[in-house]
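Survey of secondary and tertiary structure
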Amino acid sequence: QVTLHARVELVAHGANQYTLTLRAACPGKEEVEERLVVWVPAGQQLRCDPPFASTGGDVVQVSADVAPRSPLYVVLPQPLGGLTVSGGCPGDPQPPQAGAVLRNHDTPLTLTPRGLVLAPAGGFAPSKDIQTFRLEIEVTDRHGHNCSGTVTVEVLPSRRPHVTFLKPQWDVMVPAGIGPLEVVTHVRASGDNVHYTILAPTAPALFTINEMTGEIRSTCRLEVAHTRLLVRAYNALHPTDHADTTLNVTVQGTDQWAPSCVPAIYVTQVPETVSTGCTLVTLWCTDPAGGRGSLRYTLEGPSASRFRMEGPRLQINTTLDYDSEDAATVGFQFTATIVVTAGGQPPRSTRVPVLVTVTPVNEFPPACPNGATFTVPETAAFGSMVGRVAGTDRDYPRDSIEYSLEGGPGPAQPFSIDTHSGEIRVVGPLNSRQHKSHRLTVRLTDTRNDLDPAKQRSRLCDVTVRLQAVPDQAPVCTPEVRELRITARPGGHQPVTRLACQGSPDGTALAYAIAGGNEDRHFQLEGDTLFYLPDDRAEPCTFVLLVEAWGGSSAPRRSTMVALVVHVTPQSTSVQPSTPTPRTMLPKEPLVVMRTEAVWHPPAWFVAVLTLSGALLLVILGCVAQSLLRR
């Protein structure tokens, strides 16, 4: 492979032909020499492709909210080595030599030497109209060839939301004596990438603002004063997108003669069934300046709507439902503040915090599922799942139910139910002939729905389990063909073999019968045992019997045939060595035995290293033995 050196530049005007001599040789062979001729033709004139070089030029549309210095257009996606780009507006004088200079100063766009048009460093100014910028760009290579074209950049109005404040002015009242770095208020503005800053006063001495959250805090201990803050919210990526608001912060003095109330804080616990209008507490408040008659009672806080004030009495306004999502969201604790205000100028007030914790009451019993009917085959194995009883309970926590089976599992009810999941499983044999279906009674008991764990509600639900009949399977006998040899002995019937057959999983007893080969009545079946009835036969003989095995009483009957080849030799008969006994051999399937042996074939380099190591070891041992003998 022949490549061009990285630091070499081919110039056809200086040398347009190179002759390279290449030599190659393989081990043990003669060297071969060849020549490679490299021609360097003169380059063609540089041309700019349309639509950049067309009369109207190329047009690109961008949004006004692109990030500063974002690439907007590339004059040449893959410029050749030595290209430079220069730009200008129509009518501007062109530079006398190649360069990368943007000479129109009336555009915020930037052109790089590699022909990349960039957005302004400060982004585009927001506008409701389309902004248009036109550039004339000239591309020049190092040989002096050039071409030119125009690019029009159309800046479309931004579709992102502008930064806005919900209110143009905020009035904030804070008590005097508040310490440093205490939260005074929050300002909120809508938009993207919103940051906050205080514009006026330029050096605020009393307050500071969190740039990211808009949280305003005090910088020192506040005394009675009035301050006006001018706060700006702006888009961090587009600072020109901003909005201003005014905060009027009033630091009020603390009235030493505010009303006093008993209790000063109220904490209680009520059940969720407490009725509307029930009085929780009656405040005893006095005004040091003038008795009790001039006091006003109001409520504020996140849960103020749950309560109401009837004079100094705090009452339930709406149902405090423990089972609602709203109660779970607040942790089943409702908070509010009773504001006790006395007349006068300025008004004097006292706040009484209220915390009401709601406790659960088991109001509703569990509900049974609709259509609790399941079907299971009668051959289902032990532990097989039949179905799941999905009870419901409206008390919180939802569907906290335990399940139990009335009567428990037994022969008449071969099922069990999981206490927590409600899954019904098979724990005994099933027989569709004895029971077409089973009717189960499941008890649903709710748990953890009341402050008192002993207060539980339950409900009985009927569940039907239908048994699906499965046709009797044919017995399986092992083996299906057997060859036996017996010696006939005089006397009663002689046992020959016992059939090994397995029937249906329900344990139904199998029946057996000799279906063929017993025309002379020499054999008899008793259960699964075959007996031979000896006679006065003096010669050896062979019998081929067909035995049928079946189980169940369904029609049609499913059975299996077993072939038995019995060689009977009389006890008094001696077999001559020259006369072999004829045997009836049934064809057997070939037995394939596969054996895998692990063989390791070391690579050639390993054998060579091992041989050299062994030879070196022998040399070392010889040298050691020779030195010992010399001593």
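Provided above is the structure to which this section pertains.
How each quantity is defined
Residues numbered from 1 in each chain as written. Predicted model: local features only at pLDDT ≥ 70, side-chain atom pairs only at ≥ 80, totals over all residues. Heavy atoms only, no water. Helix = DSSP H or I, 4+ residues; strand = E, 2+ residues; numbered from the N terminus. Buried < 20%, exposed > 50% of the residue type's maximum accessible area, 1.4 Å probe, protein only. Contact = heavy atoms within 4.5 Å. Areas by Shrake-Rupley, 256 points an atom, 1.4 Å probe, with all protein chains shown as cover. Pairing = 2+ DSSP bridges. Axes fitted to C-alpha atoms, helices over the stretch in contact; angles between N-to-C directions. Patch = residues over 30% accessible without salt bridge, like charges linked within 9 Å, V, L, I, M, F, W, Y side chains within 5 Å. Salt bridge = Lys/Arg side-chain N within 4 Å of Asp/Glu carboxyl O. Disulfide = S-S within 2.5 Å.

The next thing to look at is the overall build of the protein. What the protein contains, in helices and strands, is two helices and 43 strands. Within the protein, buried positions represent 34% of all 631 residues. In the protein, the share of contacts with a sequence separation of at least 24, taken over all contacts with a separation of at least 6, comes to 64%. For the protein, the exposed area adds up to about 39200 Å²; of that, 54% sits on carbon and sulfur atoms.

The subject of this paragraph is the sheet that holds strand β41 (residues 529–532). Strand order in the open sheet formed by three strands is β37-β41-β40, and the pairing between neighbours is antiparallel. Bordering the open sheet on either side are β37 (494–498) and β40 (523–526), each of which pairs with just one other strand. On average, each strand axis in the sheet is tilted by 30° relative to the strand beside it, whichever way the strands run. One ladder, built from four bridges, connects β37 with β41; its direction is antiparallel. Residue pairing in the sheet places Arg498 in a bridge with Thr529 of β41.

Turning our attention to the pairing of β40. Strand direction decides the pairing type here: β40 and β41, joined by four bridges, are antiparallel. For Phe523, the partnering residue across the bridge sits in β41 and is Tyr532. The turn joining β40 and β41, which pair antiparallel and follow one another in sequence, is formed by two residues; a positive phi near 70° is taken by Gly527.

Residues Val2, Leu4, Val8, Leu10, Tyr18, Leu22, Leu36 and Val38 make up a contiguous nonpolar surface patch of roughly 630 Å² in combined accessible area. Taken together, the elements giving at least two residues each to the nonpolar patch come down to β1 (17–24) and β2 (32–39). Take Tyr18: it is sitting in strand β1. The partly exposed category is assigned to Tyr18, whose relative accessible area is 34%.

What makes a disulfide is a covalent bond joining the sulfur atoms belonging to two cysteines. If you walk through the whole model with that rule in mind, you get three disulfides. Between Cys261 and Cys285 runs a disulfide, and the two sulfur atoms are separated by 2.1 Å. Measuring handedness by torsion sign, the sulfur bridge of Cys261 and Cys285 sits at about 115° and is right-handed. With Cys261 in strand β19 (residues 260–262) and Cys285 in strand β22 (residues 284–286), the pair connects residues that are 24 residues apart, well separated along the chain. Owing to a relative accessible area of 0%, Cys285 belongs among the buried residues under this scheme.

The subject of this paragraph is unusual backbone geometry. The amide bond that connects Ala200 to the next residue, Pro201, takes the cis arrangement and shows omega of -5°. Structurally, Pro201 can be placed in the loop between β14 (194–200) and β15 (207–209). Cis geometry marks the peptide bond from Tyr396 to Pro397, where omega comes out at 0°. Here Pro397 is to be found in the loop between β29 (385–388) and β30 (401–405). Positive phi outside glycine occurs at Arg448, with the angle close to 55°.

The subject of this paragraph is the sheet that holds β29. Pairing is antiparallel across the open sheet formed by three strands, whose spatial order is β29-β32-β31. Looking at which strands have only one partner, the edges of the open sheet turn out to be β29 and β31 (415–417). Between one strand and the next, the sheet's axes are offset by a mean angle of 20°, whatever the strand orientation. Where β29 meets strand β32 (residues 423–426), three bridges bridge the pair, whose relative direction is antiparallel. In the sheet register, Arg388 faces β32, and the bridge partner there is Glu423.

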